[in-house]
Every structure is written in structure tokens, then in C-alpha cells.
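Each chain, written out:
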Amino acid sequence: MREPVELRRQRIMGVVESRGPVKVSVLAAELDVSVVTVRRDVEELTRAGRLRRGHGVARPLREPAGAAAAPAVRGAEPAGEGGAVALVVPERHSYLYETLHGARSVLEEAGIRIALHIAPQSAGAERPLVERALADGARGLLIAPRWRHALSEELDYGWLADVGVPTVLMERRPRPGSALHALDSVCSDHWYGVHLAVEHLVSLGHRRIVLAARDDSPTARTVRAAFAGIAAERPDVEDWTVVLSSPNAVPGPGPAGAGQAPAVSPGSVGHAPDLAVLLRERGATAAVLHGDVDALMLVQRLAENGVHVPRDCSVVAYDDVVAALGSTPLTAVSPPKAEIGRAAAELLLHRLSGAAGAAGPVRRTELLPELKVRGSAQEVTPTTD
């Protein structure tokens, strides 16, 4: 049964008053609750005048006897790389950089140093970075592998499952039954994100929809598969098509045997066609575009070809990193990017805490995206004969 809030706060008071300043992360580990929960408790106790709050630290109103001889903050990590958490993300990936900043906020508040490693675009780039971090003494790992190909993903499964330190995957869901199936992970529910986009367009009367999406990341592959499944199962979607959002939105060169994923059927087109022509050919009135940069460029290209958003074509972008910044602000599916990083960091802190339950069952957490409506989609205008 969940511990009453007031009892938990009394326990916090007891620990802080007996020991002196205590890190929020240490309190969370000892109480077996999340850092967010303890942080909220400490804020309320501070507001009530029962504690003082420092940066990631709960302090008593008066230092206990003998506290001067003790360390200033209990639970501080040792200096140097040995106390660091390695954080590995791909280069030039603005979506995952927001996830990175979410993780950073939690780790810094917990007083844990971050060793950031940026993986170049070459296949297999993450492994040497992780090995270097481990050699330097990193005691935990947060990682978002690029995985441009299904094969490159498979090749990472073996070594990543055996890194030997607590590890949490961010925005990645490994293949069921693989060596990484039993690894902690936190990611967005992209099926639900695609559902939001399709539901919004259908509610506005759109029955013929195009998905123009990338095909060079796990998120892109999930978005493509989700759209195909959702559109195929909805009787009110009369026609649907999946195309590439740009010529360079494919996996590209990689490990032997890795190439572009098979086209999604039915109604799929493997190459990146002229979207304006495709919309006319299929009689489509709406499009879902992944990701944001490709979406903004496609909207510009449509305007150059006399197709204006939303008058002639309704658009929903997927990612919501820069979708709001276009000359036509785009309605967008917004995955909880920063929250993914925060949840992953809190899970890793739980594993590192050594508290009761820290070695408990594997956790696979999914957070739901939301739809940000900005006016780039409108109701279908009835045609008259």
C-alpha cells in the first residue's frame, strides 16, 4: 500500500534533522520513491518553513550537533569520472538533444556528473564510445543509439546487453525476444502519436491521407508501420499512401546487407516523389509529415507548386521540434522528449541507489505524445458538382 504523504514527509524531516543536509537523490533511494516525489515533498516542507532547500539538497533549519565535522552533503558522488554517468546520443539529432537536456536536469540535481558522448553518423559508432566511458570508470549508462538500419540495431544487441553497468535505453524499444528485451527503457508511444494525427484529420472530414516519413531511425520505422496499420483498419480512411519525406531520409550506407526497409503496402511508394503531384493523383486532402524539418520543407515545396496549407491540404507534422516556427505554424504530434530523458535518468538513479528494490524487475516505460493544434489542418470543404 502506498505510504501516506504526511508520513513520508515526517520521515524526510527525521532524516534531515538527524544527519544534516541530505541529497534529494539519497532521500529518494532510502524512501524507495522517485526523485520527483521527494523534490515535491522538500518544496512543500520548505514552503511550510520546516526545511531549507538547496540545489538538489534538503537542509535542516538548524544544523544538528556534530554536523560541522561531517561532510557538507551526504550521498555526494566521488569526484572524477568514477562518479559519472555516461550519456550517449547521436550527433545532429535535435529531437534527442531535448531528451538529453531532460536527463541532464535530473542528474545535475542529484549531484551526479555527466560524461556526454556524441556518436557520429557512421554505423557502430556507439560501441567504442561506451567502451571508452566504461574504461574511464562510468558507473551507469543512458543511451539512444542511432540505429539507422534494422541490421545495425541487431548488431548492437550483444555487446550492449553485456556492458556491466546499469543501463537505460532512451526512445528505443528493442525487438521482442532480443538480448535487449530485458533492458530498462523509456520511450514515447509512437503508435498513439500516429493515432492522434489520423484521428484529428479524420475528425475534420479527411478520408484520403498521405504519410511522408523518414525511414532512417527506429522512430521513423515505428511511425511508418503504425500509420499503415491504423489507416488500413479504419473504414473511414478510403485511401492511404506512405512515401519518403525526402531523398536522404533513408538508412544509406551501412553494414553489409543493410538497406532500405521494404515499402509499406498497400499504396506505398518507395522513393520520394513530388508530393504535390502525388496529392493530386490520389485525391488526398491531408498529409502527416515526419520529421519537422522535412515537414517544413515539404510545405514550402507545396506552396511553390500552388498547393497551400491548410486551404488546399491539411498537414500534421510529427516530432514538434521546430514545427511551430514555419511561416505556416504546423499542427504537430509532440512526443514528451524532455520527459523521456527525465524518466530515464530517474530510473537509472534508482538502479544506482542500492536501495531496497533497486535491483527489481526490468521496467519498460512508455509516455504518451500529445497533439499541438496550430491551424495547419482544417475541415474538408464540400465540393459541388
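Described below are features of the structure shown in this document. A quick note: this is a predicted structure, and the numbers were derived from the prediction, not measured. (Residues numbered from 1 in each chain as written. Predicted model: local features only at pLDDT ≥ 70, side-chain atom pairs only at ≥ 80, totals over all residues. Heavy atoms only, no water.)

## Points about the sheet that holds strand S15 (residues 370-372)
Pairing is mixed in the open sheet, where 6 strands are placed in the order S10-S9-S11-S12-S13-S15. The sheet terminates laterally at strand S10 (239-244) and S15, the two strands that pair on one side only. Across this sheet, the average inter-strand angle for adjacent strands is 20°, counted without regard to direction. Along the sheet face, helix H9 (residues 275-282) touches strand S9 (208-213), S10 and strand S11 (286-290) and points at about 165° away from the line of S10. (Pairing = 2+ DSSP bridges. Helix = DSSP H or I, 4+ residues; strand = E, 2+ residues; numbered from the N terminus. Axes fitted to C-alpha atoms, helices over the stretch in contact; angles between N-to-C directions. Contact = heavy atoms within 4.5 Å.)

## Looking at the nonpolar core
Within soluble globular proteins, side chains that are nonpolar generally end up buried alongside one another. With 39 residues, the main nonpolar core has Ile12, Leu27, Val38, Leu142 and Met170 as its most contacted residues. Within the residue set of this core, elements represented by two or more residues are helix H1 (5-19), helix H2 (24-31), helix H3 (35-47), strand S4 (85-90), helix H4 (94-109), strand S7 (167-170) and helix H11 (337-353). Looking at this core, the element that brings in the most residues is H11, giving 7 residues. Once residues within four sequence positions are removed from consideration, leucine 27 is found in contact with Ile12, Val15, Val16, Val22, Val38 and Ala58. In terms of nonpolar packing, the next biggest core, distinct from the first, is built from 24 residues, Ile230, Ala231, Ala286 and Val316 among them. (Core = buried A, V, L, I, M, F, W, Y, C linked by side-chain atoms within 4.5 Å. Buried < 20%, exposed > 50% of the residue type's maximum accessible area, 1.4 Å probe, protein only.)

## Some words on the packing of aromatic side chains
In this structure the tally under the stated criterion is 2 aromatic pairs. Judged by centre distance (5.9 Å) and plane angle (80°), the ring pair of tryptophan 147 and tyrosine 157 falls under edge-to-face. Within this pair, whereas tryptophan 147 is found in the loop between strand S6 (140-143) and helix H6 (150-160), its partner tyrosine 157 is found in helix H6, the two being separated by 10 residues in sequence. Their ring planes at 80° and their centres at 6.2 Å tell us that phenylalanine 227 and tryptophan 240 sit as a pair that is edge-to-face. (Phe/Tyr/Trp six-rings, centres within 6.5 Å; stacked < 30°, edge-to-face > 60°.)

## Considerations on the side chain of aspartate 216
Of note, aspartate 216 is situated in the loop between S9 and helix H8 (218-233). Residues within four places of aspartate 216 in sequence aside, it is in contact with Trp147, Arg148, Arg221, Asn248, Ala249, Val250 and Pro251.

## Some words on H9
What H9 keeps buried is the set Leu275, Ala276, Leu278 and Leu279. Viewed along the axis of H9, the buried residues span an arc of 165°, placing them on a single side of the element. For H9, the exposed residues lying more than 90 degrees away from the buried face are Arg280 and Glu281. For H9, the N-terminal cap is aspartate 274; the gap from its side-chain oxygen to the backbone nitrogen of alanine 276 is 3.0 Å. (Arc of directions from axis to C-beta. Polar contact = N/O pair within 3.5 Å; in protein donor to acceptor, adjacent residues only side chain to side chain.)

## Some details on unusual backbone geometry
That bond from histidine 290 to glycine 291 is cis: its omega, -5°, falls within 30 degrees of zero. Note that glycine 291 resides in the loop between S11 and helix H10 (292-304). Here valine 309 and proline 310 are connected by a cis peptide whose omega angle stands at 5°. Take proline 310: it is sitting in the loop between H10 and strand S12 (314-318). Its identity as a non-glycine residue notwithstanding, glutamate 171 has a phi of 55°, on the positive side. You can call glutamate 171 buried: its relative accessible area is 3%. For aspartate 319, which is not a glycine, the phi torsion comes out positive at approximately 135°. Along the chain, aspartate 319 turns up in the loop between S12 and strand S13 (331-334). Residue classification places aspartate 319 among the buried positions, given a relative accessible area of 11%.

## As for the pattern of salt bridges
Applying the stated rule across the entire model yields 26 salt bridges. The closest approach of N and O atoms between glutamate 366 and arginine 173, which form a salt bridge, is 3.6 Å. Separated by 193 residues along the polypeptide, glutamate 366 in strand S14 (residues 364-367) and arginine 173 in the loop between S7 and strand S8 (184-188) bring together distant segments of the chain. Glutamate 238 is the partner of arginine 208 in a salt bridge, and the nearest nitrogen-oxygen pair spans 3.9 Å. Linking arginine 208 in strand S9 with glutamate 238 in the loop between H8 and S10, this pair joins segments that are 30 residues apart in sequence. Judged by relative accessible area, which is 29%, arginine 208 ranks as partly exposed. The class for glutamate 238 is exposed, based on a relative accessible area of 56%. (Salt bridge = Lys/Arg side-chain N within 4 Å of Asp/Glu carboxyl O.)

## A closer look at the packing of helix H7 (residues 190-203) against H8
Where H7 meets H8, the closest approach of the two axes is 9 Å, and the angle between their N-to-C directions is 50°. One way to sum up the angle between H7 and H8 is to call them oblique. As H7 runs across H8, the sense of the crossing is right-handed. Contacts between H7 and H8 involve His190, Trp191, Val194, His195 and Val198 from the first element and Thr219, Thr222, Val223, Ala226, Phe227 and Ile230 from the second. (Parallel < 35°, antiparallel > 145°, perpendicular 65-115°, else oblique. Left-handed = near helix turned anticlockwise from the far one by under 90°.)

## Considering the pairing of S11
A large share of S11 lies buried, amounting to 5 of its 5 residues. Note that S9 and S11 share 4 bridges and pair parallel. Note on S11: the bridge partner recorded for alanine 212 is leucine 289. The pairing of S11 with S12 spans 5 bridges and is parallel. From the neighbouring strand, histidine 290 faces S12, where its bridge partner is tyrosine 318. Note that the unit made of S11, H10 and S12 has a crossover that is right-handed. (Right-handed = clockwise from strand over helix to strand, strands pointing away.)

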